[in-house]
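# Tertiary structure, described
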Amino acid sequence: MLLNLLTNAINYVPGTDRIEVRLGGHDGKAELAARERGPGIGAGALDNIFERFAQAPTVERRSTPGLGLGPYIAREILREHGGTISVQSVPGEGATFTIRLPLLSESDSDTAPSQ
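Residues numbered from 1 in each chain as written. Predicted model: local features only at pLDDT ≥ 70, side-chain atom pairs only at ≥ 80, totals over all residues. Heavy atoms only, no water.

## Let's talk about the sheet that holds strand E1 (residues 20-26)
Here four strands make up an open sheet; going across it, the order is E1-E2-E4-E3 and the pairing antiparallel. Bordering the open sheet on either side are E1 and strand E3 (84-90), each of which pairs with just one other strand. Taken pair by pair, the neighbouring strands of this sheet meet at an average axis angle of 15°, ignoring direction. Sheet analysis places E1 next to strand E2 (residues 29-36), joined by seven bridges and oriented antiparallel. When the bridges of E2 are listed, His26 appears paired with Lys29. Running over the sheet, helix H1 (residues 2-11) touches E1, E2, E3 and strand E4 (94-102) and is turned about 20° from E2. Packed on one face of the sheet, helix H3 (residues 70-80) meets E3 and E4 and runs near 140° to E3. (Pairing = 2+ DSSP bridges. Helix = DSSP H or I, 4+ residues; strand = E, 2+ residues; numbered from the N terminus. Axes fitted to C-alpha atoms, helices over the stretch in contact; angles between N-to-C directions. Contact = heavy atoms within 4.5 Å.)

Shown next as structure tokens:
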């Protein structure tokens, strides 16, 4: 899921290899934010970015366009684990995708199955 988000960021930001990644915690959840400073995502595309086959229009990409399933799959995986994904974007200033997942408490980790 993280690889998918970072790959999308690289593909949509021609001319730079910089992606900012922040990791933290808030309200019992781990929070990871990946920000790129590319062309951004327009309001119309933002409304559908997590739907199947949705793709943000762009003039230039580094690689062959995908199927538009990455954000959808990430959202579904996160839902199964009690998490969420969101995106904020301003056209011309890039986009930030934020993943939130519940953290285990000490009592949860004591009862979690070992791998």
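## Some remarks on a nonpolar patch on the surface
On the surface, Met1, Ile73 and Ile77 cluster together to form a nonpolar patch covering roughly 230 Å² of accessible area. Mapped onto the elements of the fold, Ile73 is located in helix H3. Among the residues examined, Ile73 registers a relative accessible area of 41% and is labelled partly exposed. (Patch = residues over 30% accessible without salt bridge, like charges linked within 9 Å, V, L, I, M, F, W, Y side chains within 5 Å. Areas by Shrake-Rupley, 256 points an atom, 1.4 Å probe, with all protein chains shown as cover. Salt bridge = Lys/Arg side-chain N within 4 Å of Asp/Glu carboxyl O. Buried < 20%, exposed > 50% of the residue type's maximum accessible area, 1.4 Å probe, protein only.)

## Looking at H1
Every buried residue of H1 is accounted for by Leu5, Ala9 and Asn11. Down the axis of H1, the buried side of the element spans an arc of 165°, and every buried residue falls inside it. On its buried side, H1 packs onto E2, E3 and E4. (Arc of directions from axis to C-beta.)

## Describing the packing of aromatic side chains
Summed over all chains, the structure comprises one aromatic pair. For the ring pair Phe50 and Phe97, a centre distance of 6.2 Å and an interplane angle of 85° mean the geometry is edge-to-face. Taken as a pair, Phe50 in the loop between helix H2 (43-46) and H3 and Phe97 in strand E4 lie far apart in primary sequence, 47 residues in all. (Phe/Tyr/Trp six-rings, centres within 6.5 Å; stacked < 30°, edge-to-face > 60°.)

## Some thoughts on the side chain of Ser89
Mapped onto the secondary structure, Ser89 falls in strand E3. Look at Ser89 and you get buried, because its relative accessible area is 18%. A polar contact of 2.7 Å, which involves the side chain of Ser89, links it to the backbone nitrogen of Ile41. In contact with Ser89, not counting residues within four places along its chain, are Gly40, Ile41, Leu46, Gly94 and Ala95. (Polar contact = N/O pair within 3.5 Å; in protein donor to acceptor, adjacent residues only side chain to side chain.)

## Observations concerning the pattern of salt bridges
With the rule as written, the count across this model stands at six salt bridges. A salt bridge links Glu20 to Arg18; the shortest N-O distance between them is 3.6 Å. Here Glu31 makes a salt bridge to Arg100, at a shortest N to O gap of 2.9 Å. Separated by 69 residues along the polypeptide, Glu31 in strand E2 and Arg100 in strand E4 bring together distant segments of the chain.

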